[in-house]
Amino acid sequence: MRLRALAILWLAGLCALAGPVSAQDAEQPALLVADRVTVENQSRLVAEGNVEALHDGTRLEATRIVYDQDTDALSIEGPLRITEPGGDVLVADRADLDQDFENGLLRGARLVLDEQLQLASVEAQRVGGRYTALSKVAVTSCQVCGPNQTPLWQIRARRVVHDEEEQQIYFDGAQFRVLDVPIAYLPRLRIPDPTLERARGFLTPSIRTSTLLGFGIKTPYFIPLGPSRDMTLTPYLSPVTRTLELRYRQAFRYGDLEILSAASSDTLENDGRAYLFAEGSFDLPRRFKLEFDLETTSDEAYLSDYDYSSKDRLDSEIALTRTTPLSFFGTELIHYQTLRDDERNATQPTIVIHSEYEQRFPDLWGGELRLGGVTQGHYRYSDLNVDSNDADDVVDGRDVARATLEASWRRRWTLQGGLRAGVAGHLWADRFEIRQDATSDRHASQLTPAVEVELRWPWTRVGGDGGRTLIEPLFQTAWIGGDRPNIPNDESTRVEFDEGNLIDISRFPAADRRERGRVSAMGLRWQHSDPFGWTAGMTVGRVWREDADPAFTRSSGLDDEDSDLLLAGHLATADGLAFTARGLLDEEDGTFNKAAARATWTNRIVDLGASYILVARDPGENRDSATSEWSFDGGYDLPGDWSGEAEGRYDLVDDRFARAGLGLTYENECVSARFTVSRRFASSTNLEPSTDFGLTVALKGFSTGGSAKEYRRTCN
């Protein structure tokens, strides 16, 4: 039978040798467990066989430990293993340490940091419990399963010092090798260890080759500015450009701020080029929330040339909102900057101010009363009061201000047989002020009453297998009074008719246009949920009105007395397949005026998606040709450590690709490499077609390269 001996403190178990124990030592006892413990010459403690020692959170495992009281030193025979409280592991053949494991010399040592980075050396020296100095070192995060196996990459160094307190690794005479082939030599090198999350220094560089900008390299430099702020500066150099990119982030107690910017001097433009994006969000007292974003650029093509953004209209906004269970308040100021070659900022609604408030009063007269108001205004820089020879038919300098007050009361009942009935009354009061428009009145007011009745009859069924089905006929009829004043349509220029507003009092998005007269809508909704994991749904609907409304455009599907037939549906299966579609079918000619569809397939190894959109030609929306486009995106886990991805957009009207891209990634426990290629087929006169190639290689195991834990392999 194996005898296990237990000693509290290094000598507390040998009272005859240790003598009295100080109070300080008693507060931090050491624990020793071994198969055999013997005492030699009244001053040497010898522990043998499956020895484990624990002191102040540090665990030591060895074959034999000899403690000499006279020298206060430990002589340890291995193989030995020291595990730090933070998870770092030091393995060696033998060691001579002090009793706190803080100072000493280890032979044949290997240090493993955060279960990721391995530092193998001939010997290691522990100094002050903070530094571990290793000589003749090989460093890698790649899994090495045998003595003759060559890691994918390694850093050979004459000397390496790991500073546990600063979480830094210092190299002297470092040589970087790939498959044991020397690639680069650095006399001095400092790299943060994998436990450090935010360290000043260079991040993973990337290479970009562009037909516009040539071959270039980006070298990000990260600068922490305290526990809640940091900044990243990224020089981007190529034969065509000299660019400095900036990212600034700051976290506040009740919000956050991020700034993205860049400044360039290149041969594409004679003047300097720059952009600035900033956004922030802050929680204020009394449930108020302040949000803002700033977007500006020096020229129309800069964001596209450098692939910073694909937006063709920039919006800068500051907004203040407050939401409670019974009320909502919001106000915002927006500034738009167009980058489209067929638009001018002077003739677009550049500055927009919008405020709204709504208060709900439930359980009033058996229903719910809602009171609210909206103010809206937009400003154009142009002073022309007519339309010039530009691409649109809008008055160039028109400025509009609007104020709306609204009151509504609504109530619902459940009738016999499960029929749901609802009634609502509305009253809107609108005031418009219009400047610099020779085609409309300067002032206009309107008072619009409306009443509506709604019926819903949900039928539900539960099948024998547990499947649930819902069939719900929908019907609404409404009357909207008043006459439309002679005011321009500046807010309701684009109308979307879908299942969300099929049963609605008005399908215009703003008060400068309201539906008038008698309007009715009918629809049918079907939903099914299957116990085997698939769900499906479909909505069919149509709107009828007393007279056709010329404010509706053809592509809205509402321009006639009888609207287009609304068709919408979705399907999702348990194996990750999902499909959604929506369309407006013109039954007279059997074509769709507007349609959109999206299909996705997602599982453990594949993530694919494809979309289709169609919008008919519509001069009423300044669209001289139809829009018909396919787009696709997806990723696939290839065998081994490879994965691929692709994306693209194809214009069916022009019969050409608008954009296409491919990506290939190799990732294992010690390296992440990503190669991308993209092609932009620009059609705008202020954009040039371009092809971009990108390459990024990151060494894992350091804080700058990402974690090596998720891809850790096992040796057979």
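Shown above is the structure to which this text applies.
The following refers to the structure shown.

How each quantity is defined
Residues numbered from 1 in each chain as written. Predicted model: local features only at pLDDT ≥ 70, side-chain atom pairs only at ≥ 80, totals over all residues. Heavy atoms only, no water. Helix = DSSP H or I, 4+ residues; strand = E, 2+ residues; numbered from the N terminus. Rg over C-alpha atoms; globule rule 2.2 N^0.38 Å. Buried < 20%, exposed > 50% of the residue type's maximum accessible area, 1.4 Å probe, protein only. Contact = heavy atoms within 4.5 Å. Areas by Shrake-Rupley, 256 points an atom, 1.4 Å probe, with all protein chains shown as cover. Lys, Arg positive; Asp, Glu negative; His and termini not counted. Charge placed at Lys NZ, Arg CZ, Asp CG, Glu CD. Polar contact = N/O pair within 3.5 Å; in protein donor to acceptor, adjacent residues only side chain to side chain. Phe/Tyr/Trp six-rings, centres within 6.5 Å; stacked < 30°, edge-to-face > 60°. Core = buried A, V, L, I, M, F, W, Y, C linked by side-chain atoms within 4.5 Å. Patch = residues over 30% accessible without salt bridge, like charges linked within 9 Å, V, L, I, M, F, W, Y side chains within 5 Å. Salt bridge = Lys/Arg side-chain N within 4 Å of Asp/Glu carboxyl O. Pairing = 2+ DSSP bridges. Disulfide = S-S within 2.5 Å.

Turning to the overall build of the chain, a few remarks are in order. The helix and strand tally for the chain stands at three helices and 43 strands. The C-alpha radius of gyration computed for the chain amounts to 36 Å, which surpasses the reference 27 Å derived for 716 residues by more than 25%, pointing to a less compact arrangement than a globule. When the backbone C-alpha atoms are referred to their principal axes, the chain occupies close to 110 × 70 × 50 Å. Expressed as a percentage of the 716 residues in the chain, the buried residues total 40%. Looking at the chain alone, contacts between residues at least 24 apart form 45% of all its contacts between residues at least 6 apart. Carbon together with sulfur atoms contributes 55% to the accessible area of the chain, which is approximately 37500 Å² in total. Of note, the chain has its 79 positive side-chain charges centred 3 Å away from the centre of its 114 negative side-chain charges.

What follows deals with the environment of Asp575. Within the element layout of this structure, Asp575 appears in the loop between strand S35 (565-572) and strand S36 (577-586). The sequence separation of Asp575 and Phe693 amounts to 118 residues, and the corresponding C-alpha distance is 35 Å. The residues contacting Asp575, other than those within four sequence positions of it, are Trp601, Thr602 and Asn603.

Tracing the backbone through its elements, the reader meets Arg380 in the loop between strand S27 (367-379) and strand S28 (399-414). One polar contact links the side chain of Arg380 to the main-chain carbonyl oxygen of Thr347, over a distance of 3.1 Å. Polar side-chain contacts of Arg380 include one of 2.6 Å to the backbone oxygen of Arg398. When near neighbours in sequence (up to four residues on either side) are disregarded, Arg380 contacts Ala346, Thr347, Gln348, Pro349, Val394, Val395, Asp396, Gly397, Arg398, Asp399 and Asp490.

Turning to the packing of aromatic side chains, a few remarks are in order. All told, the structure shown has 20 aromatic pairs when counted by the stated rule. Considering the side-chain rings of Phe508 and Phe552, the 4.2 Å spacing of their centres and the 10° angle between planes classify their relative orientation as stacked. Here the residue Phe508 occupies a position in the loop between strand S32 (468-480) and strand S33 (517-529), and Phe552 occupies one in the loop between strand S34 (535-545) and S35, the gap between them amounting to 44 residues. With respect to class, Phe508 is no different from Phe552; both count as buried.

One finds Ile76, Leu80, Leu106, Leu119 and Phe171 to be the most contacted residues of the largest nonpolar core, which totals 40 residues. In contact with Ile76, not counting residues within four places along its chain, are Leu60, Ala62, Arg64, Ile65, Arg94, Ala95 and Leu97. Core analysis: the second largest hydrophobic core is formed by 19 residues, Trp428, Ala450, Val495 and Ala551 among them.

Further remarks concern the side chain of Ser141. In this fold, Ser141 is placed in the loop between strand S11 (131-140) and strand S12 (153-163). A polar atom in the side chain of Ser141 sits 2.6 Å from the backbone oxygen of Lys700.

Turning to a nonpolar patch on the surface, a few remarks are in order. A cluster of nonpolar side chains, namely Ile605, Tyr636, Leu638, Trp642, Leu664, Phe675, Phe693, Leu695 and Val697, defines an oily patch on the protein surface of about 740 Å² accessible area. The leading source of residues in the nonpolar patch is strand S43 (residues 690-699), at three residues. Along the chain, the position of Leu638 falls in the loop between strand S39 (627-637) and strand S40 (642-651). Residue classification places Leu638 among the partly exposed positions, given a relative accessible area of 33%.

Two strands pair when backbone bridges link them, and S34 and S35 are joined in this way by seven bridges, in the antiparallel orientation. Bridge pairing in S35 places Thr539 opposite Ala568. Bridge analysis of S35 against S36 gives eight bridges, and the strand direction is antiparallel. Its bridge partner being in S36, His570 is matched across the sheet by Thr580.

Side chains that differ in sign of charge can pair as their charged atoms come close. Following the criterion strictly, the structure yields 55 salt bridges and no others. With a closest N to O distance of 3.0 Å, Glu48 and Arg64 form a salt bridge. With Glu48 in strand S4 (residues 44-55) and Arg64 in strand S5 (residues 58-68), this residue pair connects regions lying 16 residues apart in the sequence. In this structure Arg64 comes out as partly exposed when scored by relative accessible area, which is 21%. Arg159 is the partner of Asp172 in a salt bridge, and the nearest nitrogen-oxygen pair spans 3.9 Å. Residue Asp172 is found in strand S13 (residues 168-178), and its partner Arg159 is found in strand S12; the two are separated by 13 residues along the sequence. According to the relative accessible area criterion, Arg159 is partly exposed, its value standing at 40%.

What follows concerns a negative patch on the surface. Taken together, the side chains of Asp547, Asp560, Glu561, Asp562, Glu588 and Asp589 define an acidic patch exposed on the protein surface. With respect to the helices and strands, Asp560 occurs in the loop between S34 and S35. Assessed through its relative accessible area of 36%, Asp560 is described here as partly exposed.

This brings us to the pairing of strand S42 (residues 671-680). Sheet analysis places strand S41 (residues 656-667) next to S42, joined by nine bridges and oriented antiparallel. What sits directly across from Glu667, in S42, is Ser672. The turn linking S41 back onto S42 is made up of three residues. When S42 meets S43, the two strands line up antiparallel, connected through 10 bridges. Looking at the pairing, Arg674 lines up with Thr696 of S43.

Any covalent bond linking the sulfur atoms of two cysteines counts as a disulfide. For the structure shown, the criterion picks out one disulfide. Between the sulfur atoms of Cys142 and its disulfide partner Cys670 the distance amounts to 2.2 Å. Linking Cys142 and Cys670, the disulfide has an S-S dihedral of approximately 80° and is accordingly described as right-handed. Taken together, the residues span a long stretch of sequence, with Cys142 in the loop between S11 and S12 and Cys670 in the loop between S41 and S42 at a distance of 528 residues. We note that Cys142, like Cys670, is buried.

Turning our attention to unusual backbone geometry. Positive phi values are uncommon outside glycine, yet Gln167 reaches one of about 60°. In this fold, Gln167 is placed in the loop between S12 and S13.

This paragraph deals with the environment of Leu524. Among the structural elements, Leu524 can be located in strand S33. Relative accessible area serves as the criterion here: at 40%, Leu524 is assigned to the partly exposed category. Between the C-alpha atoms of Leu524 and Arg456, which are 68 residues apart in sequence, the distance is 9.6 Å. Other than its neighbours up to four places away in sequence, Leu524 contacts Ile471, Glu472, Pro473, Met538, Thr539 and Val540.

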